[in-house]
Amino acid sequence: AAKAAGRRQWCRFQPHLHTGMMERRALQLSLEEAVQGAEFRLRYQPIVELSTGRIVGLEALARWPTSQHGVLLPDRFIALAEETGHIVQLGAWVLESATRDLAAWRATDAAGGELRVSVNMSARQLREPGFVDLVRDALASSGLPPGALLLELTESILMGRDENIEADLLALKELGVGLAIDDFGTGYSSLSYLRELPIDMIKIDKSFVRDIARSPADLRLTDGIVRIAATLGLSAVAEGIESAEQRDLLADIGCRYGQGYLYSRPLPPEEVADLLRTTNRG
Ligand code: C2E
Ligand code: MG
Ligand code: MG
Ligand code: MG
């Protein structure tokens, strides 16, 4: 009887769950169309050298403009795209667009040759056979040197210790492509991957940066991360810098680079060229 009751309960119609499933299904269908029609857009957020304010890189962030729900942010569609596999095609589009855009900016920017573009990667993309060739092709068709591209990986990707992924990362490293750990400190990190994988950069998650000015513990933690990076010869980038106070504290503890609303929101590509002109002049 208990089992039957449990079962009945399980099957009972739950309006909010039903709506959730319908929405999800609808979103999944429009995702399919959006991927086919390349309906996505990229925004770029500058990565800045804290001591000079100079823009050294741009991080590509995906946006999905929809007629029904306005512009959707990645938290609404990236996980879904990973589940359905659409991330492979979407990710290829991001890689291609970001390298093409950077090539155009490098041609006009005063900082020219130093400017890099960062592209976020999901585990599913890295597991796809031919991933290294995809990166190579994007570099070839944009004409960018491999060092102009930085791939951002999350700790969860590396904790899987997938041999095929690790071999691909080594191949990319040999090619000259940069590798960054995104949201550093938020995953299950054993830190051993920092020793074993060819990582160039640590991006300190914005959850550490947020309270840095009022929490001595957070400041010490961030200081520790910056020291780990320095010890291993990696560059450190602080995410989510919103105030001058945060910037100064980060610079004080030796964090060289940062990004956040203090400097700029993620911008449409048309606005990036202007920003480069006014910021990197001379
Ligand atoms: P992320 O790579 O850690 O990107 C940083 C996120 O922080 C971005 O959110 C950015 O808009 C936001 N942000 C930047 N400055 C500030 C700040 O000062 N304060 C605060 N509170 N937030 C700030 P966004 O654009 O919504 O992207 C969220 C996440 O979605 C990204 O986190 C990244 O993991 C993922 N993502 C974005 N584009 C792609 C993509 O093309 N492919 C994949 N696989 N993931 C992507
Ligand atoms: Mg990122
Ligand atoms: Mg991040
Ligand atoms: Mg994130």
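One structure accompanies this document, and this report is about it. Note that the structure is a prediction, hence the values are computed from the model and not measured.

All right, on to the packing of helix H4 (residues 87–108) against helix H6 (residues 131–142) then. It is the contact of H4 with H6, at a shortest axis distance of 9 Å, that shows an interaxial angle of 30°. Of the possible angle classes, the one that applies to H4 and H6 is roughly parallel. Remark: the crossing between H4 and H6 carries right-handed chirality. Residues Ala-92, Leu-95, Thr-99, Arg-100 and Ala-103 of H4 pack against Leu-134, Val-135, Ala-138 and Ser-142 of H6.

Note on the magnesium ion (ligand 2): its protein donors are Glu-59 (OE), Asn-120 (OD1), Glu-152 (OE) and Asp-182 (OD). The metal-donor distances range over 2.0 to 2.2 Å. The two metals, the magnesium ion (ligand 2) and the magnesium ion (ligand 3), are separated by 4.3 Å and share Asp-182 as a common coordinating residue. Of this pair, Glu-59 sits in strand S2 (residues 55–66) while Asp-182 sits in strand S6 (residues 178–184), and the two are 123 residues apart along the sequence. A residue is classified by how much of its surface remains accessible, and Asp-182, at 7% relative accessible area, is buried.

Let's shift gears to the packing of aromatic side chains. Tallied over the full model, the rule gives four aromatic pairs. Between Phe-40 and Trp-64, the ring centres sit 5.5 Å apart and the planes meet at 40°, which makes this aromatic pair tilted. Here Phe-40, found in the loop between helix H2 (15–36) and strand S1 (41–49), pairs with Trp-64, found in strand S2; they are 24 residues apart in sequence, far enough to count as distant. You'll find Phe-40 and Trp-64 in the same group, each marked buried. Judged by centre distance (5.7 Å) and plane angle (85°), the rings of Trp-64 and Phe-77 are edge-to-face. Highlighted residues: Trp-64 in strand S2 and Phe-77 in helix H3 (residues 74–84), separated in sequence by 13 residues. Of the two residues, Trp-64 and Phe-77, neither departs from the other in class, the shared state being buried. Put simply, the rings of Phe-40, Trp-64 and Phe-77 pair up and form one aromatic cluster. Sitting over the face of the ring of Tyr-261, Arg-265 holds its NZ or CZ atom 3.8 Å from the ring centroid.

Calculation rules
- Residues numbered from 1 in each chain as written.
- Chains lettered and ligands numbered in written order.
- Predicted model: local features only at pLDDT ≥ 70, side-chain atom pairs only at ≥ 80, totals over all residues.
- Heavy atoms only, no water.
- Axes fitted to C-alpha atoms, helices over the stretch in contact; angles between N-to-C directions.
- Helix = DSSP H or I, 4+ residues; strand = E, 2+ residues; numbered from the N terminus.
- Parallel < 35°, antiparallel > 145°, perpendicular 65-115°, else oblique.
- Left-handed = near helix turned anticlockwise from the far one by under 90°.
- Contact = heavy atoms within 4.5 Å.
- Donors = N, O, S within 2.8 Å, 3.2 Å for Na, K, Ca; no water.
- Buried < 20%, exposed > 50% of the residue type's maximum accessible area, 1.4 Å probe, protein only.
- Phe/Tyr/Trp six-rings, centres within 6.5 Å; stacked < 30°, edge-to-face > 60°.
- Lys NZ or Arg CZ within 6 Å of the ring centre and 35° of its normal.

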